Amino acid sequence: LPTEFVHRDSGFRNRSTVGLMMCGVNIESTVIGGPAYNSRQLSSGDVILNVDGVAVDSNNVQMLLVGSDVPGSTANITVSKGGLPGRVINVKLTRMSVESISDRLRAFQLFTVLKEQSIKKES
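Conventions used here
Residues numbered from 1 in each chain as written. Predicted model: local features only at pLDDT ≥ 70, side-chain atom pairs only at ≥ 80, totals over all residues. Heavy atoms only, no water. Helix = DSSP H or I, 4+ residues; strand = E, 2+ residues; numbered from the N terminus. Buried < 20%, exposed > 50% of the residue type's maximum accessible area, 1.4 Å probe, protein only. Contact = heavy atoms within 4.5 Å. Areas by Shrake-Rupley, 256 points an atom, 1.4 Å probe, with all protein chains shown as cover.

Participant: Where do I start with the overall build of the chain in this structure?
Facilitator: Assigned secondary structure in the chain consists of 3 helices and 8 strands. Listing the helices and strands of the chain from first to last along the sequence gives β-β-β-α-β-β-α-β-β-β-α. Buried residues in the chain amount to 42% of all 123 residues. Considering only contacts within the chain whose residues lie at least 6 apart along the sequence, 55% involve residues at least 24 apart. When the accessible surface of the chain is summed, it comes to about 6800 Å², and 52% of that surface belongs to carbon and sulfur atoms.

Right, here's the structure in full:
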């Protein structure tokens, strides 16, 4: 699954994250212990409409989520809950250091790969 972050020292490009696993503008999941997860407002199936007042699409959503790439900076996200037009919420997330969440992300990615392989074997 594509994520919005990767930091150099631990294999990730960026220094900060909001802890979202994305597919285009769709939230696939939140990383346990990350800002999105801790907010308890975002979940799988939600669709990001804008970040910091800027409309998003699959080309710019990750760049906008990374923003200034400074842990402690904020991202104001407008989301359609479950992708439904009548259920729009605004969520303010504080970016956290990628290093503090990288082990959880790796464990989650491994679990996701194992789950996908299990589903393929059942088919």
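Participant: Teacher, can you tell me more about unusual backbone geometry here?
Facilitator: Peptide bonds are, in most cases, trans, and in most cases residues other than glycine have a negative phi. Located in the positive-phi region is R40, a residue other than glycine, with phi close to 60 degrees. For R40, a relative accessible area of 77% gives the class exposed. The residue D69 is not glycine, and still its phi comes out positive at about 60 degrees. Within the secondary structure, D69 sits in the loop between α2 (61–66) and β6 (74–80).

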